[in-house]
Amino acid sequence: MWAYESVFYQIYPLGFCGAPFENDGVAESRILKVIDWIPHIKSMGINAIYFSPVFESDTHGYNTRDYSKIDTRLGSNEDFALVCKKMHENGIKVVLDGVFNHVGRGFWAFQDVLKNRESSPYVNWFSRIAFDGNSNYNDGLWYEGWEGNYDLVKLNLYNEDVVRHIFDCVSGWVKEFDIDGLRLDVAYCLNDDFCRRLRGHCDSIKQDFFLVGEVLHGEYGKMLEAKQFHSLTNYQCYKGIYSAFNSYNMFEIIHSLARMFGPEDWTVARGSHLFSFCDNHDVTRIASILSNEKHIPLVYAMCFGMPGIPIVYYGSEWGAKARKEEGDPALRACFEKPEWNDLTDFIAKMAEAKKNSKALNYGDFRQIVLTNRQCIFQRCCDGERVLVAINMDENAYTAHFDAGCGKAVDLISGAEHDFGGGSELPPYSAFFWKCER
């Protein structure tokens, strides 16, 4: 699967393009801005992009009006087809947000229900509509909203007409935009049968079509098997990463990684390829949540070195800041142009290392050295061994351990390393040592 050897970049298009929050119906080809960023994206070593919602919606994109039409605020279907074409010409795969658990109140079928009530042919398209109830919109009917949010009308994914409509739209996206995969929004709400059928449908229309589900907690291995996705969002380690650095407690994240990917029989996600991230459009940016800014590149080293598929959220590669409590507009900002600094350069070097290392793409996980402020762990696959070493402390640290080889090369800097006499880790440093046989 191509995604297992990829480094992803996430763009939230409505924010990225500076579109108004409310859908004003005014067409503007804002999405073409993405084309101007392709050189920056390629320079970072990115070879796959995940677009948050791009289809016609009421406001933030997750309240869909029409699955077949690019949001008017972003432009036309032809505009987005050109963006996808340019991405593919530059060797970048395209993954879209599949928001199938719910739609917006402006969704055409729900509008028919509001107008025609019990006589609407689409009543059963939605979950538990009751015409003797009401919602905070005072429509004279009640319906199930996602987590109590009545602007997000829950679809009935047990209705064959709904399933067929969604599958037809996905087929249309492949035909019109040649997309390479989907990220399934709130996948933990999607029933397993729907997910398995979606996998079968996608496999039938495009080879190596990638499916990643948004989940929070639970046993990821069992979820992957039940839903037949290729990947899930690794929220369990997301929290563990920044928390470990802020509390100077490397045990927190390393023990989480061992529990999920280690050699023991009880590991819950061994062999899986989960989405690894430092931040995204829903959470505080990593540069704002870390208490020590010198830890920012080290957090990315953990993200790229641990098992999984790393994904970078636009703007965070140069250290953009925003806190969740400041609201979605702050998290989903519009930047006039990309920036490049030492952090961006470091991420770009790790991206190249990750893509070209079988051990980093497919290797197992084994703890080698662990203290409160330092860690070294091994990734190994088909004879290739990479040791990921991180020192979060302000002081140098010398690690004494049996590396199993005399020399190595750092995949990030290209510098040679000799394990004889101990391995010194300078303050605030990270290495991907590829051991010589």
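Just above, that's the structure.
For the structure given in this document, a descriptive report is provided here. None of these values were measured; they are calculated from a predicted model.

### A few points about the packing of helix α12 (residues 296–305) against helix α14 (residues 342–355)
Taken N-terminus to C-terminus, the directions of α12 and α14 make an angle of 15°; their axes are 10 Å apart at the nearest point. As far as their axial angle goes, α14 and α12 are roughly parallel. As α12 runs across α14, the sense of the crossing is right-handed. Every residue of α14 that contacts α12 at I296, P297, Y300, A301 and F304 is listed here: L343, F346, I347, M350, A351 and K354. Split by residue class, the contact of α12 with α14 holds ten nonpolar, no polar and one charged.

### Brief notes about the packing of aromatic side chains
Across all of its chains, the model carries 36 aromatic pairs by this definition. Each ring, one from F16 and one from Y314, has its centre 5.4 Å from the other, and the planes form 75°; the classification is edge-to-face. Here the residue F16 occupies a position in helix α1 (residues 13–16), and Y314 occupies one in the loop between β13 (309–313) and α13 (328–331), the gap between them amounting to 298 residues. For the residue pair F16 and Y314, the accessibility class agrees, reading buried in each case. Between Y313 and Y314, the ring centres sit 4.9 Å apart and the planes meet at 75°, which makes this aromatic pair edge-to-face. There is no split in this pair, since Y313 and Y314 are both buried.

### Some remarks on the sheet that holds strand β18 (residues 407–410)
Taken together, the six strands give an open sheet; going across it, the order is β14-β15-β16-β21-β18-β19, and neighbouring strands pair in antiparallel fashion. Edge strands, defined here as strands with exactly one partner in the open sheet, are β14 (366–370) and β19 (416–418). Across this sheet, the average inter-strand angle for adjacent strands is 30°, counted without regard to direction. As judged from the three bridges shared by β18 and strand β21 (residues 429–435), these two strands associate in the antiparallel manner. Each residue of the ladder has a partner; that of V409, found in β21, is K434.

Calculation notes
- Residues numbered from 1 in each chain as written.
- Predicted model: local features only at pLDDT ≥ 70, side-chain atom pairs only at ≥ 80, totals over all residues.
- Heavy atoms only, no water.
- Axes fitted to C-alpha atoms, helices over the stretch in contact; angles between N-to-C directions.
- Helix = DSSP H or I, 4+ residues; strand = E, 2+ residues; numbered from the N terminus.
- Parallel < 35°, antiparallel > 145°, perpendicular 65-115°, else oblique.
- Left-handed = near helix turned anticlockwise from the far one by under 90°.
- Contact = heavy atoms within 4.5 Å.
- Nonpolar A, V, L, I, M, F, W, Y, C, P; charged D, E, K, R; others polar.
- Phe/Tyr/Trp six-rings, centres within 6.5 Å; stacked < 30°, edge-to-face > 60°.
- Buried < 20%, exposed > 50% of the residue type's maximum accessible area, 1.4 Å probe, protein only.
- Pairing = 2+ DSSP bridges.

Worth remembering: the numbers are spatial, not functional.
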